[in-house]
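Topology and contacts: notes
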Amino acid sequence: MRPARALIDLQALRQNYRLARELSSARALAVVKADAYGHGAVRCAQALDEDADGFAVACIEEALELRAAGIGKPILLLEGFFEASELALIEQHELWCVVHSNWQLEALERTPLRKPLRIWLKLDSGMHRVGLSPLEFRDAWRRLQASGKVERIVLMSHFARADELDCPRSREQLVVFEQARQGLQAEVSLRNSPAILGWPEVPSDWVRPGIMLYGASPFEQPQAQASRLRPVMTLESKVISVRELPAGEPVGYGAAFVAARPTRVGVVAMGYADGYPRHAPTGTPVFVDGQPARLIGRVSMDMLTVDLSDLPQAGLGSRVELWGPNVLASEVALRAETIPYELFCNLRRAERIYLDAKSTN
Ligand SMILES: *Cc1c(COP(=O)(O)O)cnc(C)c1O
């Protein structure tokens, strides 16, 4: 079988979840949207189910997948419903629901419900994507209270620039949030991963860790708390062919790399069809049999090439880590001009293999 695979360390996932809770002294909804950022939502939620205060997903399809797999903990729909007809399912499966727009508020008021819902009312504190304006927010609070359809309201907002630790924008957003919620008695939820790791002063009864659960830092620069995260995914494959190139010969499509010296090239069964970024340039780090090495030439659909010149022991069958504990996904992302979120979400074809220290010990 083709050796490209993604090992998923569920023990590391649990440890990162506990770190999120410890750093925030709050309850934490594990964000498992987009198939748990490519890690497999059902398996990740099952691994966290015992510990987790709840989960968060992007849409009802994702929530129902978890319910069908036996996940009974609270599940928050981060964008609420997309059509009012979803409200019946939200009620039936006891999902928690964000209200971020007036049309959702009106639909909720119009729709008869048997049980009151848990609503997370979202303020647009400056990201300007979704969320109610401060004036609408206070009005919506009153209408929800009056509707008789709401059991409990959590007040939430989302930061646009929490990953930029010296940027004043998060503090400005916090001021807007604090003003908008003055006098409203409710729990609050503001912090995503960068805010959990980097903004300890932001109040939160509930936090919403995503990328940090998977062990990748949301910051471009090293950061103390982020260095405590344990990578969950190891993307790996093997060397399937080796060739010696004389100086002056090119490798791969477009001759994007030309050997400046006699070069021993390892061909690895991994390509952009597996989700490895095509734009990772020559020099992007990899690990070969536990030793640092570098990508050379253009990444193709099923294969990529690495420089084995300084690793005489490495050869056919050598294990290659594309990212994981030795090669940080955030480093690969930086080289490829993207973010680890996108790398993980793009994972395809490569088989996922789940490791759980709890069950193998
Ligand atoms: C995706 C998402 C999160 C998680 O963000 P991370 O940066 O991955 O921690 C939190 N809150 C909301 C509203 C989201 O959409």
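Predicted model only: the values in this text are computed from it and were never measured.

Let's shift gears to the domain arrangement of the protein chain. A common way to report how large an interface is uses the accessible area buried once the components associate. On domain assignment, one finds that the protein chain holds domain 1 (10–217) and domain 2 (233–355). Taking only C-alpha atoms, the centre of domain 1 and the centre of domain 2 are 37 Å apart. Taken together, the 14 residues of domain 1 in the interface contact ten residues of domain 2. Taken over both partners, the interface formed by domain 1 and domain 2 buries close to 1100 Å², and the fraction arising from carbon and sulfur atoms is 63%. Taken together, domain 1 and domain 2 are joined by one salt bridge. The closest approach of N and O atoms between aspartate 35 and arginine 352, which form a salt bridge, is 3.2 Å. Where domain 1 meets domain 2, there are four residue pairs in polar contact (both at pLDDT 80 or more). Breaking the side of domain 1 that touches domain 2 down by element, the ones donating at least two residues are helix H1 (10–24) and helix H2 (33–37). Here the side of domain 1 that touches domain 2 gets three residues from one element, more than from any other, and that element is H2.

Turning our eyes to something else, we now look at the layout of surface pockets. There is about 260 Å³ of room inside the second largest pocket. Surrounding the second largest pocket, 15 residues form its lining, Gly252, Val267, Ser300, Met303 and Thr305 being those nearest its centre. Of all the secondary-structure elements, those providing two or more residues to the lining of the second largest pocket are strand E10 (233–245), strand E13 (263–268) and strand E16 (304–307).

This next bit is on the pattern of salt bridges. Taken as a whole and assessed by the stated rule, the structure comprises 26 salt bridges. Residue glutamate 178 is joined to arginine 181 by a salt bridge in which the shortest nitrogen-to-oxygen separation is 2.9 Å. Each of Arg2, Asp274, Asp302 and Arg349 takes part in a single network of salt bridges with overlapping partners.

Here we take up the pairing of strand E14 (residues 285–288). Across a regular strand the side chains alternate sides, sitting on one face of the sheet and then on the other. Both faces of E14 are covered, namely the face carrying Pro285 and Phe287 and the face carrying Val286 and Val288. In terms of strand pairing, E14 meets strand E15 (residues 291–296) through four bridges, oriented antiparallel. Counterpart to valine 288 in the pairing with E15 is glutamine 291. Hairpin connection of E14 to E15: two residues between the antiparallel strands, including aspartate 289 at a positive phi of 50°. Two strands pair when backbone bridges link them, and E14 and strand E17 (residues 319–323) are joined in this way by two bridges, in the antiparallel orientation. Among the inter-strand pairings, phenylalanine 287 is bridged to a residue of E17, identified as glutamate 321.

Covered by surrounding structure in strand E3 (residues 54–57) are Gly54 and Ala56 together with Phe55 and Val57, the residues of both alternating faces. Where E3 lies against strand E4 (residues 75–77), three bridges are found, and the strand directions are parallel. Across the sheet, phenylalanine 55 pairs through a bridge with isoleucine 75, a residue of E4.

Tracing the chain through its elements places glutamate 321 in strand E17. Buried and unpaired, glutamate 321 has no salt bridge, with arginine 319 as the nearest side chain of opposite charge at 4.5 Å. Here the side chain of glutamate 321 touches valine 327 through a polar contact of 2.9 Å, landing on its backbone nitrogen. When sequence neighbours within four positions are dropped, the list of residues in contact with glutamate 321 reads Thr234, Leu235, Glu236, Val286, Phe287, Asn326 and Val327.

A separate point is the packing of helix H7 (residues 134–147) against helix H8 (residues 169–180). Look at H7 against H8: their axes get within 9 Å of each other, and the N-to-C directions meet at 35°. As H7 runs across H8, the sense of the crossing is right-handed. From H7, Pro134, Phe137 and Arg138 reach across to H8, where they touch Val176, Gln179 and Ala180. Among the residues making up the contact of H7 with H8, the classes are represented as four nonpolar, one polar and one charged.

Attention now goes to the side chain of glutamate 86. If you trace the backbone, glutamate 86 turns up in the loop between E4 and helix H5 (87–92). For the buried glutamate 86, which has no salt bridge, the nearest side chain bearing the opposite charge is arginine 110, at an N-O separation of 12 Å. Residues contacting glutamate 86, with those up to four places away along its chain left out, are Ile60, Gly80 and Phe81.

One non-glycine residue with positive phi stands out, namely aspartate 35, at about 55°. With respect to the helices, strands and loops of the structure, aspartate 35 is situated in helix H2. Backbone geometry at arginine 349 places phi at a positive 60°, although glycine is not the residue there.

Close contacts around the ligand come from 14 residues, with Lys33, Tyr37, Ser193, Ile211 and Tyr341 the closest. In the environment of the ligand, an oxygen atom lies 2.7 Å from a nitrogen or oxygen atom belonging to the side chain of tyrosine 341. Looking at the shell around the ligand, the elements with two or more residues in it are H2 and helix H9 (193–198). Considered class by class, the residues forming the shell around the ligand number seven nonpolar, four polar and three charged.

Calculation rules
Residues numbered from 1 in each chain as written. Predicted model: local features only at pLDDT ≥ 70, side-chain atom pairs only at ≥ 80, totals over all residues. Heavy atoms only, no water. Domains from an automatic or database assignment. Contact = heavy atoms within 4.5 Å. Buried area = accessible area lost by both parts, 1.4 Å probe. Salt bridge = Lys/Arg side-chain N within 4 Å of Asp/Glu carboxyl O. Polar contact = N/O pair within 3.5 Å; in protein donor to acceptor, adjacent residues only side chain to side chain. Helix = DSSP H or I, 4+ residues; strand = E, 2+ residues; numbered from the N terminus. 1 Å grid on protein atoms, 1.4 Å probe; cavity = no way out; pocket = protein on both sides within 12 Å on 5 of 7 lines; lining within 4 Å. Points joined across faces, edges and corners; volume = space filled by probe spheres on them. Buried < 20%, exposed > 50% of the residue type's maximum accessible area, 1.4 Å probe, protein only. Pairing = 2+ DSSP bridges. Lys, Arg positive; Asp, Glu negative; His and termini not counted. Axes fitted to C-alpha atoms, helices over the stretch in contact; angles between N-to-C directions. Left-handed = near helix turned anticlockwise from the far one by under 90°. Nonpolar A, V, L, I, M, F, W, Y, C, P; charged D, E, K, R; others polar. Near = heavy atom within 4 Å.

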